[in-house]
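Fold and contact review
If you want the building blocks of each chain, they are given just below.
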Amino acid sequence: GNCKKGGKALRSCTIQIGNDDEDVITVVTSAPNVRDQSRVVVAPIGSSVLGTDGEMMDVTKATVGGVISEGMLCDSRMLGWIGGAQGIAVNLPDNFDIGAVPPSSKPRPNNGESQSGGAESTPVEPGLFEKKLSKEEKKKLAAERKAKRKAAKEAKDS
């Protein structure tokens, strides 16, 4: 579901943190890159993460935007990784087990080694890393759609 607090769009996410269907918690986040079936790093209640001030911070149960949050999604900096933007949830490849401890450094896609030892590639979640269209490409698509509509209308009128 969606909720708003202080102008930031918040999302209430139901997240499976273990192998059992009962190992599910609700986390409220403002991370814009969270999608259904994302494999994210979660700090449940009682965990400690690196705060923005560089000090360790304990994760506690909190009510955010009227919804009880039972943890938080971690960005790269909370895990002590180099690189990655603040406020962007870490997405892991599907070969990382649910409920496992996150890796000590940011996994790099296809840098010659695979985390699982296999050569399979991780499919990209639709809409997450799609190339943005240039103005010229957008104009060309719009012109094509317009021509198609015009041709359909002429065929219908004749």
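Keep in mind it's a predicted model, so treat the numbers as computed, not measured.

For the protein chain, the helix and strand inventory stands at one helix and nine strands. Each helix (α) and strand (β) of the protein chain, taken in turn from the N terminus, gives the series β-β-β-β-β-β-β-β-β-α. Long-range contacts, defined as pairs at least 24 residues apart, comprise 46% of the intrachain contacts of the protein chain with a sequence gap of at least 6. Carbon together with sulfur atoms contributes 51% to the accessible area of the protein chain, which is approximately 11,500 Å² in total.

What follows deals with the nonpolar core. The biggest cluster of nonpolar side chains holds 10 residues, and these are V41, A43, V49, V59, C74, M78, W81, V90, L92 and F96. In this structure V41 touches M72, L73, C74, L79, V90, L92 and P102, once residues within four positions along its chain are discounted. I25, V27, V40 and A89 belong to the second largest nonpolar core, which has nine residues in total.

The next point concerns the environment of S47. Within the element layout of this structure, S47 appears in the loop between β4 (42-44) and β5 (48-50). Residues S47 and D58, 11 residues apart in the sequence, show an inter-C-alpha distance of 5.8 Å. Among the polar contacts made by the side chain of S47, one reaches the main-chain carbonyl oxygen of P44 at a distance of 2.8 Å.

Attention now goes to helix α1 (residues 135-157). Spanning 23 residues, α1 covers 33 Å between terminal C-alpha atoms, matching the ideal 33 Å at 1.5 Å per step. For α1, the buried fraction is low: zero of the 23 residues fall into the buried class.

For the rest of this paragraph, the subject is a negative patch on the surface. A grouping of D20, D21, E22 and D23 is seen on the molecular surface, where their side chains present a negatively charged patch. Its place among the elements puts D21 in the loop between β2 (8-16) and β3 (24-29). The exposure class assigned to D21 is exposed, which follows from its relative accessible area of 64%.

Let us look at unusual backbone geometry. Within the chain, Q37 stands out as a residue other than glycine whose phi angle is a positive 75°. Given the relative accessible area of 65%, Q37 is considered exposed.

On the surface, R145, K146, R149 and K150 cluster together into a patch of positive charge. Along the chain, R149 falls in helix α1.

Okay, the side chain of S69 next. Residue placement: S69 occurs in strand β8 (residues 67-69). For S69, a relative accessible area of 4% puts it in the buried group. In terms of polar contacts, S69 uses its side chain to reach the backbone amide nitrogen of V28, at 3.0 Å. At a separation of 2.9 Å, a polar atom in the side chain of S69 contacts the main-chain carbonyl oxygen of G71. Dropping the residues within four chain positions of it, S69 is found in contact with T26, V27, V28, T60, K61, A62 and V64.

A few words now on the environment of V67. Examined against the element boundaries, V67 turns out to sit in strand β8. In the structure, V67 is positioned 39 residues away from V28 in sequence and 7.2 Å away in space, judged by C-alpha atoms.

Rules used in this analysis
Residues numbered from 1 in each chain as written. Predicted model: local features only at pLDDT ≥ 70, side-chain atom pairs only at ≥ 80, totals over all residues. Heavy atoms only, no water. Helix = DSSP H or I, 4+ residues; strand = E, 2+ residues; numbered from the N terminus. Contact = heavy atoms within 4.5 Å. Areas by Shrake-Rupley, 256 points an atom, 1.4 Å probe, with all protein chains shown as cover. Core = buried A, V, L, I, M, F, W, Y, C linked by side-chain atoms within 4.5 Å. Buried < 20%, exposed > 50% of the residue type's maximum accessible area, 1.4 Å probe, protein only. Polar contact = N/O pair within 3.5 Å; in protein donor to acceptor, adjacent residues only side chain to side chain. Expected span 1.5 Å × (residues − 1). Patch = residues over 30% accessible without salt bridge, like charges linked within 9 Å, V, L, I, M, F, W, Y side chains within 5 Å. Salt bridge = Lys/Arg side-chain N within 4 Å of Asp/Glu carboxyl O. Lys, Arg positive; Asp, Glu negative; His and termini not counted. Charge placed at Lys NZ, Arg CZ, Asp CG, Glu CD.

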